[in-house]
Amino acid sequence: MGFFSKIKDGLKKTRDSISGQITQMINTFTTIDEELFEELEELLVMGDVGVETASFITFTLRQRVAQKGLRAPADLMAELKDIVAEMIAGDDALHIATRPSVILVIGVNGVGKTTTIGKLAARLKGQGKSVILGAADTFRAAAIEQLQVWADRAGVPMIKHGEGADPAAVVYDTIQAAKARGCDVIICDTAGRLHNKKNLMDELGKISRIIERELPDCDRETLLVLDAATGQNAVNQAREFQQAAGITGIVLTKLDGTPKGGVVLPIKRELGLSVKFIGVGEQLDDLQPFDAAAFADALFDSEEDLAARAAREDEETEGLPLPEEGPDEEPEAPITSEGLPEEVEETDGEEEPTAEYLAAEQALLEEAREEPEKKRHFWNRRKD
(Lines give C-alpha, C1' and ligand atoms only; values in the text may rest on other atoms or scores of the structure.)
Protein backbone atom coordinates (compact mmCIF):
# COMPACT_ATOMS: atom_id res chain seq x y z
CA MET A 1 0.00 0.00 0.00
CA GLY A 2 1.37 3.41 -1.00
CA PHE A 3 1.82 6.49 1.15
CA PHE A 4 -1.38 8.24 0.06
CA SER A 5 -3.43 5.08 0.42
CA LYS A 6 -2.37 4.85 4.06
CA ILE A 7 -3.27 8.49 4.68
CA LYS A 8 -6.63 8.12 2.88
CA ASP A 9 -7.59 4.99 4.80
CA GLY A 10 -6.29 6.37 8.10
CA LEU A 11 -8.39 9.52 7.79
CA LYS A 12 -11.62 7.82 6.71
CA LYS A 13 -13.44 8.34 10.03
CA THR A 14 -12.31 11.95 10.28
CA ARG A 15 -13.24 12.60 6.64
CA ASP A 16 -16.72 11.16 7.18
CA SER A 17 -17.13 13.23 10.34
CA ILE A 18 -15.95 16.57 8.92
CA SER A 19 -16.00 16.88 5.13
CA GLY A 20 -18.74 14.30 4.69
CA GLN A 21 -21.13 16.23 6.91
CA ILE A 22 -20.04 19.57 5.45
CA THR A 23 -20.74 18.31 1.92
CA GLN A 24 -24.19 17.13 2.95
CA MET A 25 -24.92 20.47 4.57
CA ILE A 26 -23.70 22.50 1.58
CA ASN A 27 -25.86 20.45 -0.78
CA THR A 28 -28.95 21.66 1.08
CA PHE A 29 -28.19 25.28 0.13
CA THR A 30 -28.77 26.95 -3.22
CA THR A 31 -26.93 30.17 -2.36
CA ILE A 32 -24.05 31.19 -0.12
CA ASP A 33 -25.49 33.10 2.81
CA GLU A 34 -24.82 33.77 6.49
CA GLU A 35 -26.84 30.76 7.60
CA LEU A 36 -24.50 28.50 5.59
CA PHE A 37 -21.45 29.99 7.30
CA GLU A 38 -23.01 29.54 10.73
CA GLU A 39 -23.82 25.90 10.08
CA LEU A 40 -20.33 25.34 8.66
CA GLU A 41 -18.71 26.78 11.80
CA GLU A 42 -20.89 24.57 13.97
CA LEU A 43 -19.90 21.45 12.03
CA LEU A 44 -16.21 22.36 12.32
CA VAL A 45 -16.52 22.75 16.08
CA MET A 46 -18.29 19.40 16.32
CA GLY A 47 -15.41 17.90 14.32
CA ASP A 48 -12.93 18.86 17.10
CA VAL A 49 -11.48 21.75 15.13
CA GLY A 50 -12.12 24.00 18.12
CA VAL A 51 -14.10 27.24 18.43
CA GLU A 52 -11.22 29.64 17.72
CA THR A 53 -9.94 27.75 14.69
CA ALA A 54 -13.45 27.14 13.32
CA SER A 55 -14.13 30.89 13.59
CA PHE A 56 -10.88 31.66 11.76
CA ILE A 57 -11.70 29.23 8.94
CA THR A 58 -15.18 30.64 8.35
CA PHE A 59 -13.89 34.23 8.54
CA THR A 60 -11.21 33.46 5.93
CA LEU A 61 -13.78 31.67 3.76
CA ARG A 62 -16.09 34.69 3.85
CA GLN A 63 -13.21 36.88 2.63
CA ARG A 64 -12.39 34.57 -0.27
CA VAL A 65 -16.02 34.26 -1.31
CA ALA A 66 -16.22 38.06 -1.48
CA GLN A 67 -12.87 38.44 -3.26
CA LYS A 68 -13.63 35.79 -5.90
CA GLY A 69 -17.30 36.58 -6.24
CA LEU A 70 -18.35 32.99 -5.57
CA ARG A 71 -22.05 32.25 -5.79
CA ALA A 72 -22.44 28.47 -5.87
CA PRO A 73 -22.17 26.60 -2.54
CA ALA A 74 -20.48 23.72 -4.36
CA ASP A 75 -17.43 25.97 -4.89
CA LEU A 76 -16.79 26.18 -1.15
CA MET A 77 -15.20 22.75 -0.69
CA ALA A 78 -12.18 23.61 -2.87
CA GLU A 79 -11.72 26.87 -0.97
CA LEU A 80 -12.02 25.07 2.36
CA LYS A 81 -9.35 22.58 1.33
CA ASP A 82 -6.97 25.38 0.32
CA ILE A 83 -7.51 27.24 3.61
CA VAL A 84 -6.85 24.12 5.67
CA ALA A 85 -3.76 23.18 3.64
CA GLU A 86 -2.30 26.67 4.09
CA MET A 87 -3.13 26.68 7.81
CA ILE A 88 -1.38 23.41 8.65
CA ALA A 89 1.60 23.85 6.30
CA GLY A 90 4.93 24.46 7.98
CA ASP A 91 8.17 22.92 9.12
CA ASP A 92 7.06 19.31 9.44
CA ALA A 93 10.47 17.67 8.85
CA LEU A 94 12.77 16.15 11.45
CA HIS A 95 16.01 18.10 11.87
CA ILE A 96 18.55 15.38 12.55
CA ALA A 97 21.52 16.24 10.32
CA THR A 98 24.28 16.00 12.92
CA ARG A 99 25.88 12.74 13.98
CA PRO A 100 24.57 11.93 16.44
CA SER A 101 21.29 13.81 16.68
CA VAL A 102 18.96 13.51 19.66
CA ILE A 103 15.20 12.99 19.70
CA LEU A 104 13.46 13.27 23.07
CA VAL A 105 9.96 11.76 23.10
CA ILE A 106 7.36 12.83 25.67
CA GLY A 107 3.78 11.72 26.23
CA VAL A 108 1.36 10.71 28.98
CA ASN A 109 0.46 7.09 29.60
CA GLY A 110 -1.69 5.43 26.96
CA VAL A 111 -1.07 7.75 24.00
CA GLY A 112 1.19 5.31 22.16
CA LYS A 113 4.55 6.83 23.08
CA THR A 114 6.48 3.56 23.30
CA THR A 115 4.93 2.26 20.08
CA THR A 116 5.80 5.52 18.34
CA ILE A 117 9.44 5.27 19.40
CA GLY A 118 9.68 1.72 18.04
CA LYS A 119 8.07 2.69 14.73
CA LEU A 120 10.23 5.80 14.42
CA ALA A 121 13.38 3.77 15.11
CA ALA A 122 12.38 1.25 12.44
CA ARG A 123 11.63 4.03 9.96
CA LEU A 124 14.98 5.75 10.49
CA LYS A 125 16.81 2.43 10.31
CA GLY A 126 15.02 1.70 7.03
CA GLN A 127 16.43 4.99 5.73
CA GLY A 128 19.94 3.73 6.46
CA LYS A 129 20.52 5.48 9.77
CA SER A 130 21.96 3.73 12.81
CA VAL A 131 19.71 4.27 15.82
CA ILE A 132 20.07 3.67 19.54
CA LEU A 133 17.30 3.95 22.14
CA GLY A 134 17.53 5.22 25.71
CA ALA A 135 14.89 4.00 28.19
CA ALA A 136 14.75 7.19 30.27
CA ASP A 137 11.09 6.83 31.33
CA THR A 138 12.15 4.99 34.46
CA PHE A 139 9.13 5.76 36.64
CA ARG A 140 6.25 4.20 34.71
CA ALA A 141 5.71 0.53 35.48
CA ALA A 142 6.76 -1.77 32.61
CA ALA A 143 7.89 1.15 30.41
CA ILE A 144 11.41 -0.27 30.08
CA GLU A 145 10.18 -3.77 29.22
CA GLN A 146 7.73 -2.42 26.63
CA LEU A 147 10.42 -0.33 24.98
CA GLN A 148 12.75 -3.35 24.88
CA VAL A 149 10.10 -5.28 22.91
CA TRP A 150 9.92 -2.51 20.33
CA ALA A 151 13.71 -2.17 20.21
CA ASP A 152 13.89 -5.86 19.35
CA ARG A 153 11.19 -5.51 16.70
CA ALA A 154 12.94 -2.56 15.09
CA GLY A 155 16.31 -4.27 15.36
CA VAL A 156 18.08 -1.50 17.27
CA PRO A 157 20.09 -1.53 20.55
CA MET A 158 18.79 0.02 23.74
CA ILE A 159 20.41 1.35 26.91
CA LYS A 160 18.48 0.91 30.14
CA HIS A 161 18.86 1.17 33.89
CA GLY A 162 16.54 -0.26 36.51
CA GLU A 163 13.08 1.04 37.33
CA GLY A 164 13.25 4.24 39.38
CA ALA A 165 16.74 5.14 38.18
CA ASP A 166 17.79 8.70 37.31
CA PRO A 167 16.55 9.42 33.74
CA ALA A 168 19.46 11.80 33.10
CA ALA A 169 21.90 8.99 33.92
CA VAL A 170 20.23 6.82 31.28
CA VAL A 171 20.55 9.62 28.73
CA TYR A 172 24.21 10.11 29.63
CA ASP A 173 25.04 6.44 29.14
CA THR A 174 23.05 6.33 25.90
CA ILE A 175 25.08 9.25 24.55
CA GLN A 176 28.33 7.51 25.47
CA ALA A 177 27.20 4.33 23.73
CA ALA A 178 26.10 6.31 20.66
CA LYS A 179 29.48 8.02 20.46
CA ALA A 180 31.35 4.74 20.77
CA ARG A 181 29.24 3.02 18.12
CA GLY A 182 29.07 6.00 15.76
CA CYS A 183 25.26 6.09 15.83
CA ASP A 184 23.36 8.62 13.73
CA VAL A 185 20.32 9.11 15.95
CA ILE A 186 19.62 8.80 19.68
CA ILE A 187 15.96 8.40 20.62
CA CYS A 188 15.20 8.79 24.33
CA ASP A 189 11.92 7.83 25.94
CA THR A 190 11.26 10.45 28.63
CA ALA A 191 8.59 10.92 31.25
CA GLY A 192 5.26 12.58 30.55
CA ARG A 193 4.01 13.49 33.99
CA LEU A 194 2.03 16.72 33.98
CA HIS A 195 0.61 16.61 37.49
CA ASN A 196 3.68 18.48 38.69
CA LYS A 197 5.17 20.79 36.07
CA LYS A 198 8.12 21.68 38.27
CA ASN A 199 9.27 18.06 38.50
CA LEU A 200 8.90 17.68 34.74
CA MET A 201 10.83 20.90 34.13
CA ASP A 202 13.58 19.89 36.52
CA GLU A 203 13.91 16.44 34.99
CA LEU A 204 14.00 17.71 31.39
CA GLY A 205 16.34 20.53 32.36
CA LYS A 206 18.77 18.05 33.87
CA ILE A 207 18.60 15.87 30.75
CA SER A 208 19.14 18.92 28.58
CA ARG A 209 22.25 19.98 30.49
CA ILE A 210 23.73 16.52 29.96
CA ILE A 211 23.04 16.74 26.22
CA GLU A 212 24.42 20.28 26.00
CA ARG A 213 27.64 19.24 27.70
CA GLU A 214 28.17 15.93 25.89
CA LEU A 215 26.80 16.94 22.45
CA PRO A 216 26.88 20.75 22.41
CA ASP A 217 26.29 21.18 18.67
CA CYS A 218 23.89 18.34 17.98
CA ASP A 219 20.49 18.69 16.32
CA ARG A 220 17.66 18.09 18.79
CA GLU A 221 13.97 17.40 18.54
CA THR A 222 11.50 17.20 21.43
CA LEU A 223 8.42 15.37 20.15
CA LEU A 224 5.14 15.21 22.04
CA VAL A 225 3.00 12.14 21.33
CA LEU A 226 -0.76 12.79 21.44
CA ASP A 227 -3.72 10.45 21.05
CA ALA A 228 -6.00 11.88 18.34
CA ALA A 229 -8.98 10.09 19.89
CA THR A 230 -8.91 12.49 22.86
CA GLY A 231 -9.93 15.41 20.63
CA GLN A 232 -9.70 18.80 22.31
CA ASN A 233 -8.03 17.19 25.33
CA ALA A 234 -5.07 16.55 23.04
CA VAL A 235 -4.90 20.28 22.29
CA ASN A 236 -4.96 21.04 26.02
CA GLN A 237 -2.17 18.51 26.63
CA ALA A 238 -0.10 20.11 23.88
CA ARG A 239 -0.60 23.54 25.42
CA GLU A 240 0.50 22.33 28.87
CA PHE A 241 3.54 20.45 27.57
CA GLN A 242 4.52 23.36 25.35
CA GLN A 243 4.75 25.55 28.43
CA ALA A 244 6.68 22.94 30.40
CA ALA A 245 8.95 21.30 27.87
CA GLY A 246 9.62 23.44 24.78
CA ILE A 247 8.07 21.04 22.25
CA THR A 248 9.46 21.16 18.68
CA GLY A 249 6.86 18.90 17.05
CA ILE A 250 3.84 16.63 17.49
CA VAL A 251 3.25 12.97 16.74
CA LEU A 252 -0.49 12.34 16.45
CA THR A 253 -1.37 8.67 16.96
CA LYS A 254 -4.47 6.49 16.43
CA LEU A 255 -5.87 8.62 13.61
CA ASP A 256 -7.24 5.54 11.89
CA GLY A 257 -9.54 4.71 14.79
CA THR A 258 -11.14 8.09 15.50
CA PRO A 259 -13.22 10.79 13.77
CA LYS A 260 -11.34 13.48 15.73
CA GLY A 261 -8.39 14.04 13.39
CA GLY A 262 -9.49 17.66 13.10
CA VAL A 263 -7.33 18.38 16.17
CA VAL A 264 -4.43 18.84 13.74
CA LEU A 265 -5.85 22.24 12.83
CA PRO A 266 -5.96 23.93 16.28
CA ILE A 267 -2.61 22.38 17.23
CA LYS A 268 -1.06 24.26 14.33
CA ARG A 269 -3.28 27.35 14.29
CA GLU A 270 -3.50 28.07 18.03
CA LEU A 271 -0.23 26.66 19.35
CA GLY A 272 2.06 27.04 16.34
CA LEU A 273 3.23 23.42 16.66
CA SER A 274 3.91 21.35 13.57
CA VAL A 275 2.65 17.79 13.34
CA LYS A 276 5.66 15.78 12.16
CA PHE A 277 4.23 12.25 12.12
CA ILE A 278 0.81 10.65 12.20
CA GLY A 279 -0.10 7.11 13.21
CA VAL A 280 -2.55 5.48 10.80
CA GLY A 281 -2.41 1.81 11.84
CA GLU A 282 -0.84 -0.87 13.98
CA GLN A 283 1.90 -2.08 11.64
CA LEU A 284 5.53 -1.10 12.02
CA ASP A 285 5.42 1.07 8.89
CA ASP A 286 2.14 2.80 9.77
CA LEU A 287 3.88 5.84 11.29
CA GLN A 288 3.81 8.28 8.37
CA PRO A 289 5.50 11.66 7.95
CA PHE A 290 2.95 14.44 7.99
CA ASP A 291 2.24 16.12 4.65
CA ALA A 292 -0.10 19.11 4.87
CA ALA A 293 -1.22 18.97 1.23
CA ALA A 294 -1.85 15.20 1.34
CA PHE A 295 -3.72 15.59 4.62
CA ALA A 296 -5.99 18.28 3.17
CA ASP A 297 -6.56 16.23 0.02
CA ALA A 298 -7.44 13.13 2.05
CA LEU A 299 -9.81 15.19 4.16
CA PHE A 300 -11.71 17.13 1.49
CA ASP A 301 -11.40 15.44 -1.91
CA SER A 302 -14.25 13.30 -3.17
CA GLU A 303 -14.16 9.54 -2.68
CA GLU A 304 -13.77 9.08 -6.44
CA ASP A 305 -10.75 11.40 -6.62
CA LEU A 306 -9.19 9.78 -3.57
CA ALA A 307 -9.63 6.28 -4.93
CA ALA A 308 -8.16 7.26 -8.31
CA ARG A 309 -5.11 8.92 -6.73
CA ALA A 310 -4.51 5.98 -4.39
CA ALA A 311 -4.80 3.53 -7.28
CA ARG A 312 -2.25 5.49 -9.33
CA GLU A 313 0.19 5.54 -6.43
CA ASP A 314 -0.26 1.84 -5.72
CA GLU A 315 0.39 1.09 -9.39
CA GLU A 316 3.54 3.21 -9.38
CA THR A 317 4.92 1.53 -6.25
CA GLU A 318 3.97 -2.02 -7.22
CA GLY A 319 7.04 -4.21 -7.49
CA LEU A 320 9.31 -1.80 -5.63
CA PRO A 321 11.42 -3.40 -2.87
CA LEU A 322 10.02 -3.10 0.64
CA PRO A 323 11.99 -1.04 3.19
CA GLU A 324 14.43 -3.05 5.23
CA GLU A 325 12.54 -2.80 8.47
CA GLY A 326 10.06 -4.91 10.38
CA PRO A 327 9.53 -7.00 13.48
CA ASP A 328 11.05 -10.10 11.93
CA GLU A 329 14.52 -8.59 11.52
CA GLU A 330 17.40 -9.74 13.65
CA PRO A 331 18.40 -7.05 16.14
CA GLU A 332 21.82 -5.47 16.00
CA ALA A 333 24.57 -7.03 18.03
CA PRO A 334 24.20 -6.19 21.73
CA ILE A 335 26.48 -3.60 23.23
CA THR A 336 29.63 -5.12 24.68
CA SER A 337 32.66 -3.73 26.40
CA GLU A 338 34.69 -3.83 23.19
CA GLY A 339 35.35 -0.28 22.05
CA LEU A 340 33.11 1.23 24.73
CA PRO A 341 33.97 3.12 27.88
CA GLU A 342 33.77 0.70 30.78
CA GLU A 343 31.00 2.59 32.57
CA VAL A 344 28.54 2.13 29.68
CA GLU A 345 28.74 -1.65 29.86
CA GLU A 346 28.53 -1.68 33.62
CA THR A 347 25.36 0.44 33.85
CA ASP A 348 23.36 -1.23 31.08
CA GLY A 349 20.60 -2.84 33.09
CA GLU A 350 21.76 -1.48 36.45
CA GLU A 351 19.95 0.97 38.67
CA GLU A 352 22.86 3.12 39.83
CA PRO A 353 24.42 5.83 37.63
CA THR A 354 28.13 5.68 36.92
CA ALA A 355 30.80 7.39 39.00
CA GLU A 356 31.74 9.53 36.01
CA TYR A 357 28.12 10.63 35.62
CA LEU A 358 27.86 11.56 39.31
CA ALA A 359 31.08 13.55 39.10
CA ALA A 360 29.85 15.37 36.02
CA GLU A 361 26.53 16.09 37.68
CA GLN A 362 28.32 17.52 40.72
CA ALA A 363 30.32 19.79 38.41
CA LEU A 364 27.09 21.04 36.87
CA LEU A 365 25.65 21.78 40.31
CA GLU A 366 28.76 23.69 41.33
CA GLU A 367 28.63 25.65 38.07
CA ALA A 368 24.98 26.51 38.73
CA ARG A 369 25.83 27.77 42.22
CA GLU A 370 28.57 30.01 40.81
CA GLU A 371 26.21 31.49 38.17
CA PRO A 372 22.76 31.57 39.78
CA GLU A 373 21.62 34.44 37.59
CA LYS A 374 22.19 32.55 34.36
CA LYS A 375 18.89 31.47 32.83
CA ARG A 376 19.00 27.99 31.34
CA HIS A 377 16.85 27.03 28.38
CA PHE A 378 16.43 23.39 27.57
CA TRP A 379 14.32 23.47 24.45
CA ASN A 380 15.48 23.07 20.86
CA ARG A 381 19.17 23.88 20.47
CA ARG A 382 19.59 23.05 16.82
CA LYS A 383 22.75 23.88 14.98
CA ASP A 384 21.97 26.45 12.28
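For the structure itself, look to the data block above.
Right, let's walk through the structure included here.

Parameters at a glance
- Residues numbered from 1 in each chain as written.
- Predicted model: local features only at pLDDT ≥ 70, side-chain atom pairs only at ≥ 80, totals over all residues.
- Heavy atoms only, no water.
- Buried < 20%, exposed > 50% of the residue type's maximum accessible area, 1.4 Å probe, protein only.
- Helix = DSSP H or I, 4+ residues; strand = E, 2+ residues; numbered from the N terminus.
- Pairing = 2+ DSSP bridges.
- Contact = heavy atoms within 4.5 Å.
- Axes fitted to C-alpha atoms, helices over the stretch in contact; angles between N-to-C directions.
- Right-handed = clockwise from strand over helix to strand, strands pointing away.

**Focus: helix H11 (residues 264-271)**
Most of H11 is tucked away, with six of its eight residues classed as buried. Taken together, the buried positions of H11 are Val264, Leu265, Pro266, Ile267, Lys268 and Leu271. Among the residues trailing H11, Gly272 stands out with phi positive, at a value near 70°.

**Description of the sheet that holds strand S7 (residues 275-279)**
Strand order in this open sheet of eight strands is S3-S2-S4-S1-S5-S6-S7-S8, and the pairing throughout is mixed. Two strands close off the open sheet at either side, each with one partner strand: strand S3 (158-159) and strand S8 (287-289). Across five bridges, the pairing between strand S1 (residues 101-106) and strand S5 (residues 220-227) is parallel. Of the residues in S5, the one forming a bridge with Ile106 is Leu224. Strand contacts of helix H7 (residues 143-154): strand S2 (131-135), S3 and strand S4 (185-189), with the helix running at about 170° to S2, the strand carrying the most contacts. Contacting S2, S3 and S4, helix H8 (residues 167-181) runs over the sheet at an angle of about 165° to S2.

**Considerations on the pairing of S7**
Where burial is concerned, most of S7 is hidden: five out of the five residues are buried. Since strand S6 (residues 249-253) and S7 lie parallel, the crossover through H11 that links them has a hand, and here it is right-handed. Pairing geometry for S7 and S8, over three bridges, is antiparallel. Bridging from a neighbouring strand, Ile278 pairs with Gln288 of S8.

Spatial relationships are all this shows, so hold off on functional conclusions.
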